[in-house]
Amino acid sequence: MDAAVALAPGDALPVDADATNLSVNPAALNAATAEPHQGLVMAAQRGDQKAFTALVEFYQQTVYGYLRARLFDSTDAEDLCQETFLRCYQGREKLARATQVGPWLIGIARNLLREHVKRISRRREVAWTELCLELDDLTRDHHYVEHDALHHLPGCLESLGQ
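Along each chain, residues carry numbers from 1 onward, in the same order as the chain's sequence is written. With the structure being a predicted model, the display of local features is reserved for residues of pLDDT at least 70 and the display and counting of side-chain atom pairs for 80 or more, all residues being used for whole-chain, interface and lining totals. Computation of side-chain values: all heavy atoms of the structure, hydrogens and water removed.

Peer 1: What am I meant to see in the side chain of His116 here?
Peer 2: Secondary structure counts use DSSP, requiring at least four H or I residues in a row for a helix and at least two E residues in a row for a strand, with both numbered from the N terminus. Positionally, His116 belongs in helix α5 (residues 101–139). Throughout, exposure labels follow a simple rule: accessible area from a 1.4 Å probe, protein chains only, divided by the maximum for the residue type, with under 20% read as buried, over 50% as exposed, and the rest as partly exposed. Of the residues examined, His116 reaches a relative accessible area of 4% and is grouped as buried. Throughout, a residue-residue contact means that at least one pair of heavy atoms, one from each residue, lies within 4.5 Å. Those residues within four positions of His116 in sequence are excluded, and the remaining contacts are Leu71, Asp76, Leu80 and Arg123.

Peer 1: Got a minute to help me understand the nonpolar core in this structure?
Peer 2: Among buried residues, those of type Ala, Val, Leu, Ile, Met, Phe, Trp, Tyr and Cys that are joined through side-chain atoms within 4.5 Å constitute a nonpolar core. The biggest cluster of nonpolar side chains holds 25 residues, and the ones touching the most others in it are Val63, Leu67, Phe85 and Leu105. Of all the secondary-structure elements, those providing two or more residues to this core are α2 (38–45), α3 (49–68), α4 (74–90) and α5. Ranked by residue count, the leading element in this core is α3, at eight residues. Val63 has contacts with Cys81, Thr84, Phe85, Leu105, Ile106 and Ala109, leaving out every residue within four places of it along the chain.

Peer 1: What exactly am I supposed to notice about the environment of Leu80 here?
Peer 2: Residue placement: Leu80 occurs in helix α4. Note: C-alpha distance between Leu80 and Tyr64 (16 residues apart in sequence) is 8.1 Å. When sequence neighbours within four positions are dropped, the list of residues in contact with Leu80 reads Leu67, Leu71, Leu112, Leu113, His116 and Arg119.

Peer 1: Would you mind showing me how to read the pattern of salt bridges here?
Peer 2: Any two side chains of opposite charge can pair, on the condition that their charged atoms come close. Throughout this description, the term salt bridge denotes a Lys or Arg side-chain nitrogen within 4 Å of a carboxyl oxygen of Asp or Glu. The full count for this structure, using the stated rule, is two salt bridges. For Glu83, the salt bridge identified is with Arg87, shortest N-O distance 3.1 Å. Within this pair, Glu83 and its partner Arg87 are both found in helix α4, separated by four residues, close to a single helical turn. Between Arg87 and Glu115 there is a salt bridge, and its shortest N-O distance comes to 3.1 Å. With Arg87 in helix α4 and Glu115 in helix α5, this residue pair connects regions lying 28 residues apart in the sequence. Among the charged side chains, a network of salt bridges with common partners joins Glu83, Arg87 and Glu115.

Written out as C-alpha cells, the structure reads:
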C-alpha cells in the first residue's frame, strides 16, 4: 500500500505506480484538498491571537485584492478588508464549519461590499435631497431663477450618477 503524501499547492497528485492504472490515490487527494491552515483555524477559534494574526497575514492580500478590484477608492477597499477580518474574528466559532478559510473570507467581503453599495446609494439619495432643498431655497423668492435652475438640473443629476 502507498503511504499518504501531503502535497503543497501546485504539486501533482500521486498516481498508482502501475502505468496501466492511472487512478488518483484517494489518501493523497484528501491530503491535497484539506484546509492547509486547519491547525491555525482551530487555535484562532480558541482565542489564540498569534494564530489569528497568521491567518490575517496569509489571506489579507487575497481579500484586499478582491475588494480593490471592485472599488474605485483604495481607502474603501482597505476599510472593508479590515472589517472583513473583524467580522471573521467576531464569528470565529463559525470558522470551523467553513471547509476553507479563503472562500469564507471572500464571502464575508462580498457581503460587506453589498452593504457598502447600499450605503453609497443612500448617500446619493441624500445628496439628491440636499440639492432639491438648495434649489427650493434659491427659487423660493426668485421665480425667474427657477427656470434657470431647472435648466441645470439634468447636468446635476448626471453628476450624481458618477
